[in-house]
Number of protein chains: 2
Amino acid sequence: MAGKIYIIGAGPGDPKNRTLRMLEAMKESDVVVAYTTYAELVKDLLDGKEVITARMKEELLRAKVAIKKALEGHTVAVISSGDPQVYGMASPTLEMMCANNINVDVEIIPGVTAALAAAAKLGSPLSMDFAVISLSDLLVPADEILYRVRKAAEGDFVIALYNPINKPLLIKAMEIISEYRKAETPVGIIKSAYRDNEEVIVTNLKEWNNFMDKINMITIMIVGNSKTYVCNGKMITPRGYTSRYDYVNAFNS
Amino acid sequence: MAGKIYIIGAGPGDPKNRTLRMLEAMKESDVVVAYTTYAELVKDLLDGKEVITARMKEELLRAKVAIKKALEGHTVAVISSGDPQVYGMASPTLEMMCANNINVDVEIIPGVTAALAAAAKLGSPLSMDFAVISLSDLLVPADEILYRVRKAAEGDFVIALYNPINKPLLIKAMEIISEYRKAETPVGIIKSAYRDNEEVIVTNLKEWNNFMDKINMITIMIVGNSKTYVCNGKMITPRGYTSRYDYVNAFNS
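Residues numbered from 1 in each chain as written. Chains lettered and ligands numbered in written order. Predicted model: local features only at pLDDT ≥ 70, side-chain atom pairs only at ≥ 80, totals over all residues. Heavy atoms only, no water.

J.: What am I meant to see in the overall build of chain A here?
T.: The number of helices and strands found in chain A is eight helices and 13 strands. Here chain A has a C-alpha radius of gyration of 20 Å; the compact-globule value for 253 residues is 18 Å, and the two agree. Principal axes of the C-alpha set define a box for chain A whose edges measure 65 × 45 × 35 Å. The buried share among the 253 residues of chain A stands at 62%. Long-range contacts, defined as pairs at least 24 residues apart, comprise 69% of the intrachain contacts of chain A with a sequence gap of at least 6. Accessible surface, chain A: about 9400 Å² in total, of which carbon and sulfur atoms supply 50%. Here chain A holds 29 positive side-chain charges and 30 negative ones, and the gap between their average locations is 2 Å. (Helix = DSSP H or I, 4+ residues; strand = E, 2+ residues; numbered from the N terminus. Rg over C-alpha atoms; globule rule 2.2 N^0.38 Å. Buried < 20%, exposed > 50% of the residue type's maximum accessible area, 1.4 Å probe, protein only. Contact = heavy atoms within 4.5 Å. Areas by Shrake-Rupley, 256 points an atom, 1.4 Å probe, with all protein chains shown as cover. Lys, Arg positive; Asp, Glu negative; His and termini not counted. Charge placed at Lys NZ, Arg CZ, Asp CG, Glu CD.)

J.: I would appreciate a short explanation of the interface of chain A and chain B in the present structure.
T.: Note: interface size is frequently given as the accessible area lost on complex formation between the parts. Across the contact, 86 residues belong to chain A and 86 residues belong to chain B. Looking at the side of chain A facing chain B, the largest losses of area belong to Leu139, Tyr247 and Phe251 of chain A, adding up to 11% of the total buried there. Counting the contacts that link chain A with chain B gives eight salt bridges. For Lys16 of chain A, the salt bridge goes to Glu24 of chain B, with nearest N and O atoms at 3.2 Å. Linking chain A to chain B there are 41 residue pairs in polar contact (both at pLDDT 80 or more). With eight residues, helix 4 (residues 90–99) of chain A is the largest single contributor of residues to the side of chain A that touches chain B. For the side of chain A that touches chain B, the class distribution of residues is 47 nonpolar, 20 polar and 19 charged. (Buried area = accessible area lost by both parts, 1.4 Å probe. Salt bridge = Lys/Arg side-chain N within 4 Å of Asp/Glu carboxyl O. Polar contact = N/O pair within 3.5 Å; in protein donor to acceptor, adjacent residues only side chain to side chain. Nonpolar A, V, L, I, M, F, W, Y, C, P; charged D, E, K, R; others polar.)

J.: Teacher, can you tell me more about the state of the cysteines here?
T.: What we call a disulfide is simply a covalent bond connecting the sulfur atoms of a pair of cysteines. The tally for this structure, following the rule as stated, stands at two disulfides over all chains. Here Cys98 of chain A is linked by a disulfide to Cys231 of chain B, with a sulfur-sulfur distance of 2.1 Å. On the S-S bond that ties Cys98 of chain A to Cys231 of chain B, the torsion sits near 100°, and the link is right-handed. Of this pair, Cys98 of chain A sits in helix 4 while Cys231 of chain B sits in strand 12 (residues 229–231), placing the two residues on different chains. As far as the burial class goes, Cys98 of chain A and Cys231 of chain B line up, both buried. (Disulfide = S-S within 2.5 Å.)

J.: Is there a simple way to think about the pairing of strand 2 (residues 31–35) of chain A in this case?
T.: All names here are of chain A. Burial analysis of strand 2 places five of its five residues in the buried class, the great majority of the element. Inspection of the sheet shows strand 2 paired to strand 3 (residues 50–54) by five bridges, in the parallel sense. Following the sheet pairing, Ala34 is matched in strand 3 by Thr53. Handedness of the β-α-β unit built from strand 2, helix 2 (residues 36–41) and strand 3 comes out right-handed. Both strand 2 and strand 4 (residues 75–80) contribute to a ladder of four bridges, which runs parallel. (Pairing = 2+ DSSP bridges. Right-handed = clockwise from strand over helix to strand, strands pointing away.)

J.: I would appreciate a short explanation of the sheet that holds strand 12 (residues 229–231) of chain A in the present structure.
T.: Backbone-to-backbone hydrogen bonds pair the strands of a sheet. The strands run either parallel or antiparallel. Here we have three strands laid out as an open sheet, ordered 6-13-12 (chain A), and mixed in their pairing. Each edge of the open sheet carries a strand with a single partner, namely strand 6 (123–124) and strand 12 of chain A. Pairing geometry for strand 6 of chain A and strand 13 (residues 234–236) of chain A, over two bridges, is parallel. Residue pairing across strands places Gly123 of chain A opposite Met235 of chain A, the latter belonging to strand 13 of chain A. Against the sheet, helix 4 (residues 90–99) of chain B contacts strand 6, strand 12 and strand 13 of chain A, and its axis sits at roughly 115° relative to strand 13 of chain A. (Axes fitted to C-alpha atoms, helices over the stretch in contact; angles between N-to-C directions.)

J.: Please explain the relation of the copies chain A and chain B as it appears in this structure.
T.: Superposition of the two copies of the chain requires a rotation about an axis together with a shift along that axis. In screw terms, the move from chain A to chain B is a rotation of 180° and a rise of 0.0 Å along the axis, fitting with an RMSD of 0.0 Å. Those values place the two copies in the arrangement expected of a two-fold rotation axis. Interface overlap between copies is the fraction of interface residues in one copy that are interface residues in the other; for chain A against chain B it reaches 100%, indicating a shared surface. (Least-squares fit on C-alpha atoms with pLDDT ≥ 70 in both.)

What follows is the structure, encoded as structure tokens:
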């Protein structure tokens, strides 16, 4: 009898950002498949389970192992950090099932995605329409990524950048955004959100590159839109662009 | 002594999508401020607390009450569904504090946002760069919303639409997207995700308007990018656009 695959979002760093459904699915699973670093994220939940880890670029190997284990009747947890759809294991696993005409029971368990978790540490920068863009050019051509950055800048989207560790591409992306937004536009840099060595930096489009050393594998960068401002050290993107909200009168009336 | 404000993401519908940190913050709070419908979302967590509800358009009233209660020394939970940054209470609360020179302790507690939760029911449509756009023109001019829709379409972003209940604007938005994407582009409609009356529909850019009656206040719509396809009834957006991944050989080797 075929088993089941849970494709699980473990949330960012801190176990307190896990959901109850994620914990329940971990408990039900007897096999856990994870990139080595993400196995570490759930190490307190692995007792008595078969744990299969694989390195960074082995998404396909992880998807294959998960599907084969499910076909043998196991309940398999495939782990991503954050949310499993966002540059995680959901899509490779479903693609591999589809390409090989396999239809085992799959549940995608959503999680708190890195951009929202990181942004919460900055204040509330993602409070108007936003675009999520990965700067990794392993699977997507750099030109296509930069074209999307340009369209997001033109549309005045708040922009959340994943994988800014690709520094040459990051510099180009920030140059493109700077064509459309003023130098004072707030930029947030969150290194290792919800982990021991977390650092939260609020800077701007002119000065962000002073913090290049803060950019690692799990750094998220958030570039404000034309209305984002900084107050009490927090990045705030207003919900509305009209003057319909009068916060001073509303507070004092 | 000043209290504290937790701006909490309650996740979508199902209590299993709550995070542990959200539950912890609810426990610590003695005052809960919520839009009436969202108070319902957390009704099992309200015992022994002062509960202050307000209607839909009263964000400012809710922010004001929360801040005043915190200034009196209370620990206040302000509830949004999904994530509190995404068209929720985070930004209005921080804006009101800023406008009135008030600096009480605030923690934004991220949650599973509606787009990711809804998309998980469809498969894995949000697995490449995506744009999140609200079609509510209460605070943002319709022309500006449609301009952003156009830029997201030009950039081949997967597009997650919040507040599609604004049907005239929704129809215009879908017309704009249809200028850039073929009629067969998959469209997902998720009504009441993780609630009793949940409905999950996979359709396309040509036929989505046959399902107009499924669109309510908490419907989320996801429009695929140029590479999104449907397999086994699931919407899948490939992670990469290159042919670097061979799912058949990888599975059989």
